[in-house]
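Survey of secondary and tertiary structure
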Amino acid sequence: MHETNVSALMEREHHEIDQAIEHFVAGLSEGKLRHKDLARAGDLLKRHIYVEEELIFPTLRAKGMLAPVLVMLREHGEIWRTLDALDLEVGPGTAAEWVPDRCHQLLRQLETHNGKEEPIIYPQADALLTDEQTATVREFLHSGTMPLDWVCAQAPNG
Ligand SMILES: [Fe+2]
Ligand SMILES: [Fe+2]
């Protein structure tokens, strides 16, 4: 496996996102509200979904992977809903008492989702994206910023 494959890069982000959420939850259990971790997880996760929906999935759909991509889009919508809930439940200096549960819900959703994406979707991305498309994904992951008002295809308020 090449380190710069789409699959390797995207799987690395899955781990970074999980770690940021886990670090935030660990902080809560010590009475610390580490906003930065939550913001980092949320920003990274939304941008990750943007890359999938805008730069990776269209090619997979065009090459016939309709059903698996639709499942991923639906799950992105559910993940987005959980992120929206967390946004409301964590304010400056305060967090609702069920925020750890909400974070665990998010981690479970991601585990289920990534557990399909990694074996089914990403290998196809490695195989089907052109070198140019792969380079675009790589560059975006390195330094790209998604449009501020972008929401995923099946976001609750999209
Ligand atoms: Fe995804
Ligand atoms: Fe992903």
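As a reminder, the structure under discussion sits directly above these lines.
Anyway, here's the lowdown on the structure attached to this text.

Quick notes on the rules
- Residues numbered from 1 in each chain as written.
- Chains lettered and ligands numbered in written order.
- Predicted model: local features only at pLDDT ≥ 70, side-chain atom pairs only at ≥ 80, totals over all residues.
- Heavy atoms only, no water.
- Donors = N, O, S within 2.8 Å, 3.2 Å for Na, K, Ca; no water.
- Buried < 20%, exposed > 50% of the residue type's maximum accessible area, 1.4 Å probe, protein only.
- Tetrahedral: all angles 85-135°; square planar, octahedral: opposite > 155°, others 65-115°.
- Helix = DSSP H or I, 4+ residues; strand = E, 2+ residues; numbered from the N terminus.
- Contact = heavy atoms within 4.5 Å.

This next bit is on the coordination of the iron ion (ligand 2). Taken together, H14 (NE2), H48 (NE2), E52 (OE), E117 (OE) and Y122 (OH) make up the protein donors of the iron ion (ligand 2), found 2.0 to 2.2 Å from the metal. The metal-metal distance between the iron ion (ligand 2) and the iron ion (ligand 1) is 3.4 Å, with E52 coordinating both. For E117, a relative accessible area of 0% corresponds to the buried category. Overall, Y122 belongs to the buried group, its relative accessible area being 0%.

All right, on to the coordination of the iron ion (ligand 1) then. Donor atoms from the polypeptide that coordinate the iron ion (ligand 1) comprise E52 (OE), H76 (NE2), H113 (NE2) and E117 (OE), at 2.1 to 2.2 Å from the metal. One can describe the site at the iron ion (ligand 1) as irregular: its four donor atoms subtend angles covering 82 to 172 degrees at the metal. Spacing between the donor residues of the iron ion (ligand 1) along their common chain follows E-x23-H-x36-H-x3-E.

Another point: the environment of E11. By the element assignment, E11 lies in helix α1 (residues 6–29). Along the backbone, E11 and D43 are 32 residues apart, and their C-alpha atoms lie at a distance of 16 Å. Discounting residues that sit within four places of it in the chain, E11 has contacts with E118 and Y122.

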